Amino acid sequence: MRHPWRLLLLRSGYARSSIHISTHFSHFQVKSHPNLQILRSFTSSFLTHAPHVLSHPFELFTNSSRIGTCSFSSEVSLEPKDIDHVAVTDLFTKPNSDEEIRTHLESNNVVISHDWVLKILRNLDHSPDVASRVFDWVLKNEGERLSSKSYNLMLGILGINGFMKEFWDLVKTMKTKGYGVSKDVYVRVLEKFEKDGLVSDVENLRGLYASKTTVENICSRICKIIRLEVWSDDVECRLRSMENVTFSSDLVKMVLEHLATEPSKALIFFRWIEESSLFKHDEQTYNALARVLGREDCIDRFWKLVDEMRSLGYEMEAVTYVKILERFIKRKMIKEAVDLYEFVMGGAHNPSVQDCTFLLRKIVVGKDLDMDLFLRVVKVFVEAGNVLTNSTFDAVLKSLLSVGRLGDCNKILKAMEEGGLVAGSAMQSKIAFGLSSTGRKDEATDFVDTVEASGCNLDDKTWVSLIEGHCVAGDIERAFHCFQKMLERGKTLRAACAFELLVNAYCHKKRALDACKLLCEQVSEKQLKPWHTTYKVLINNLLVQGCFKDALSLLGLMKSHGFPPYVDPFIEYVSKSGTADDAIIFLKAMTVQRFPSTSVFLRVFEAFFKARRHNEAQDFLSKCPGYIRNHADVLNLFCSSKTGQVAPATNAAA
């Protein structure tokens, strides 16, 4: 008798469906935000004048390395960063703990994926000890990343290297998971066993593979019957009449997998075989059908099946979850991916912490930022007893920048703080720089207000990053405003660093006079002590702009702060464009004495001669004190100048 549900399935047109959805990932290169190249170039030249500035927080936002688990669209790539297998070998050879290994991999932006595991195992073909440790570590910490192919690769490594006990132990484990020995592994290992004269192992391996082959042959016959025509009583009759066929979990699972391109028939076969009392489904076969139905055109049937599966006490296997999640993401079914994540988090086997990060990143790079989906993932993650970390927030920020949505980081930060995230100093610094450096003034202000409203004060490093970002964006007035607020908050530990950034920004815009005035005010009113490099940069720029007297005024401040006088640019300026009077004023300004040492006079004379300004040198000599005019070295210098052979003067500071 035909069942009504079977007719409905057939009429729905699914029996004719031949859509094939690949479960493999497509990789694309990350596309940088259009402003990044400008920012990199400007920041590079900008900071060459500030050698003592903080470690640059812009690294977070300009890292164009592969940074995610996998890429599923051409819009943005989240590929894992590659890591040399030699480095992996070294990491797993040393006595590192599981947590140390994870920390090392995360610090290199390495995300454990199915493809990563396969690549590493292939490179460890002749290093069974290391391969075993890698495999065991992944099995323990990221078990959902392992597949039948992963197990077969590990099985082959054990077999060809003579690890007999481990080989057969892994075969038993694979049986419990429904995995068989692949033909490639069978051929390679059988050849090794025969060469080593392992008679009993050869027989056992042949028997194992023969039984697998038998199941495959039966599966092929069943699938041929089902595929030939629309499901009917005749199809059911032919399936019942097959000789020497006992339906087992492995056989049913294999049939369902082979019918993956015809999900309607797979579902009919699944229902019919149990209704016919030929087989009672278990967790393995439910998961096999879930992998078949977990696609865009069968989504309603998929959810009905997994709900039924859970009601029977069966859990979704990790491999099922990973495969379907990848498919949903590839088809941009983000809502369905979040639904799946919530479903699995409600079961006995929770996904890894990295899955939460991965989903959050995919949500923020979607066509529209769906904060409801974002909050759902955060909520279910935290309710499962997990803790949101700065590394997760860091990854989400990178994804936001990759699609030009850094302005939404305040929403993201608030959502994650509701989930218990406490953004540390380093993270706050990166956010501050990221917003201000890309010209998002309002968002940067909102960020500061949000942090301070939460009862936390921005630390010195964050204020410096905020100021630096505004300088990079060319907004000096906003940068100065932030500098004032920084001092008002009592954050003076890095005030000199922030002030040097301001001075550099002013000079970059040819506003050295404004910077000089600002420096004098801050020293006088705020007791600021600028860095030595700040004075040097400002003096150089003032002299370039012809502001000789303003530059001279800084020499006194330098002395009051214990810095040696900066004479080189003054000597060069006076010798090329100054007068004898300028030279006298400079020499008096650079020392607390009436005049500096004779060696400084000699350097000024030599500079005049080098610039071929002999008249100015003679005029300068006439204005010098008598002990200089009559000094032997000075007289020798002038005699040499008449013959065109000026002797080098002695270099010395005041």
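Residues numbered from 1 in each chain as written. Predicted model: local features only at pLDDT ≥ 70, side-chain atom pairs only at ≥ 80, totals over all residues. Heavy atoms only, no water.

Chemist: When you look at the overall build of the protein in this model, what are you seeing that I'm missing?
Modeler: A count of helical and extended segments in the protein gives 36 helices and zero strands. Looking at the protein as a whole, 52% of its 654 residues are labelled buried. Considering only residue pairs separated by 6 or more positions, the protein has 70% of its internal contacts joining residues 24 or more positions apart. (Helix = DSSP H or I, 4+ residues; strand = E, 2+ residues; numbered from the N terminus. Buried < 20%, exposed > 50% of the residue type's maximum accessible area, 1.4 Å probe, protein only. Contact = heavy atoms within 4.5 Å.)

Chemist: What is the right way to look at helix α21 (residues 390–402) in this model?
Modeler: For an α-helix, the turn length of 3.6 residues means that residues three or four places apart are oriented alike. End to end, α21 covers 18 Å across 13 residues, agreeing with the expected 18 Å (1.5 Å per residue, within 8%). Within α21, 11 of the 13 residues are buried, which leaves the element mostly enclosed by the surrounding structure. Within α21 the residues assigned to the buried category are Thr-392, Phe-393, Asp-394, Ala-395, Val-396, Leu-397, Lys-398, Ser-399, Leu-400, Leu-401 and Ser-402. A positive phi of about 70° marks Gly-404, the residue just after α21. (Expected span 1.5 Å × (residues − 1).)

Chemist: Quick question: what am I supposed to make of the packing of α21 against helix α23 (residues 425–437) here?
Modeler: The description of two packed helices rests on the angle between their axes and on the distance between the axes. Viewed as axis vectors pointing N to C, α21 and α23 meet at an angle of 15°, and their least axial separation amounts to 10 Å. The angle between α21 and α23 falls in the class roughly parallel. As for the relative orientation of α21 and α23, their crossing is left-handed in sense. Between α21 and α23, the residues in contact are Asn-390, Phe-393, Asp-394 and Leu-397 and Met-427, Lys-430 and Ile-431, respectively. (Axes fitted to C-alpha atoms, helices over the stretch in contact; angles between N-to-C directions. Parallel < 35°, antiparallel > 145°, perpendicular 65-115°, else oblique. Left-handed = near helix turned anticlockwise from the far one by under 90°.)

Chemist: For this particular structure, what's the right way to read unusual backbone geometry?
Modeler: For residues besides glycine, phi is generally negative; the peptide bonds are generally trans as well. Phi at Lys-332 is positive, roughly 60°, even though this residue is not glycine. Position of Lys-332 relative to the elements: it lies in the loop between α17 (318–330) and α18 (334–345). For Gln-527, which is not glycine, the phi dihedral falls at a positive 55°. Residue position: Gln-527 is located in the loop between α28 (512–525) and α29 (532–544).

Chemist: How should I be thinking about the pattern of salt bridges in this particular structure?
Modeler: Side chains that carry opposite charge are capable of pairing whenever their charged atoms lie near each other. Applying the stated criterion to the full structure yields 31 salt bridges. With a closest N to O distance of 2.9 Å, Lys-165 and Asp-169 form a salt bridge. Separated by four residues within a single helix, Lys-165 and Asp-169 lie in helix α9 (residues 164–177), roughly one turn from each other. In this structure Lys-165 comes out as exposed when scored by relative accessible area, which is 60%. (Salt bridge = Lys/Arg side-chain N within 4 Å of Asp/Glu carboxyl O.)

Chemist: Any chance you could explain the packing of aromatic side chains here in plain terms?
Modeler: For any pair of aromatic rings, the description rests on two quantities: the centre-to-centre distance and the angle between the ring planes. The final tally for this structure, using the stated rule, is 22 aromatic pairs. Ring plane angle 45° and centroid distance 4.7 Å describe the contact between Phe-605 and Phe-620, whose orientation is recorded as tilted. On the criterion of sequence distance, the pair formed by Phe-605 in helix α33 (residues 598–610) and Phe-620 in helix α34 (residues 614–623) is long-range, its members being 15 residues apart. The residues Phe-605 and Phe-620 share a single accessibility class, namely buried. Ring geometry for Phe-605 and Phe-638: centres 5.2 Å apart, planes at 70°, overall edge-to-face. (Phe/Tyr/Trp six-rings, centres within 6.5 Å; stacked < 30°, edge-to-face > 60°.)

Chemist: Could you clarify how one ought to interpret α23 in this entry?
Modeler: The end-to-end C-alpha separation of α23 is 18 Å, in line with the 18 Å expected for 13 residues at 1.5 Å each. Taking burial as the measure, the 13 residues of α23 include 10 buried ones, the bulk of the element.

Chemist: I tried to follow the packing of helix α32 (residues 580–589) against α34 on my own but got confused; where do I start?
Modeler: Across the interface, α32 lies against α34 with an axial gap of 8 Å and an inter-helix angle of 50°. Here α32 is positioned oblique relative to α34, judged by the angle of their axes. When the axes of α32 and α34 are compared, the crossing they make is right-handed. Every residue of α34 that contacts α32 at Ala-580, Asp-581, Ala-583, Ile-584 and Leu-587 is listed here: Glu-616, Asp-619, Phe-620 and Lys-623. When the residues that make up the contact of α32 with α34 are grouped by side-chain class, the tally is five nonpolar, no polar and four charged. (Nonpolar A, V, L, I, M, F, W, Y, C, P; charged D, E, K, R; others polar.)

Chemist: Even after reading the chapter, I still don't get the confidence of the model for the protein, so can you show me in this structure?
Modeler: Close inspection of predicted coordinates is inappropriate in any region flagged by low pLDDT. With 84% of its residues at a pLDDT of 70 or more, the protein shows a mean pLDDT of 82. Predicted confidence for residues 1–5 stays below pLDDT 50, and this span has 12 contacts to residues more than four positions away or in other chains. Within the model, pLDDT remains below 50 along residues 10–82, and this stretch shows 168 contacts once partners closer than five positions in the same chain are excluded. (pLDDT = per-residue confidence, 0-100.)

Chemist: Is there a simple way to think about the environment of Gly-474 in this case?
Modeler: The topology assignment puts Gly-474 in the loop between α25 (460–472) and α26 (476–488). Here Gly-474 falls in the partly exposed class, since its relative accessible area comes to 29%. Between the C-alpha atoms of Gly-474 and Ser-437, which are 37 residues apart in sequence, the distance is 8.5 Å.

Chemist: Can you help me understand the nonpolar core in this one?
Modeler: Counting 165 residues, the largest nonpolar core has Phe-269, Phe-302, Phe-374, Phe-605 and Phe-620 as the members making the most contacts within it. For this core, the leading source of residues is helix α27 (residues 495–508), giving 10 residues. In contact with Phe-605, other than residues within four places in its own chain, are Ala-617, Phe-620, Leu-621, Cys-624, Ile-628, Val-634, Leu-637 and Phe-638. One finds Ile-120, Ala-131, Val-134 and Trp-137 within the second-largest nonpolar core, a separate group that totals 42 residues. (Core = buried A, V, L, I, M, F, W, Y, C linked by side-chain atoms within 4.5 Å.)

Chemist: Any chance you could explain the side chain of Glu-315 here in plain terms?
Modeler: The residue Glu-315 is located in the loop between α16 (299–311) and α17 in this model. Note on Glu-315: relative accessible area 18%, which makes it buried. Those residues in contact with Glu-315, other than ones at most four positions away along the chain, are Glu-283, Asn-287, Met-309, Arg-310, Gly-347, Ala-348 and His-349.

Chemist: Please clarify how the environment of Gly-294 should be interpreted in this entry.
Modeler: Along the chain, the position of Gly-294 falls in the loop between α15 (283–293) and α16. Given the relative accessible area of 0%, Gly-294 is considered buried. In this structure, the C-alpha to C-alpha distance between Gly-294 and Thr-320, residues 26 residues apart in sequence, is 9.1 Å. Those residues in contact with Gly-294, other than ones at most four positions away along the chain, are Phe-302, Ile-324, Arg-327 and Phe-328.

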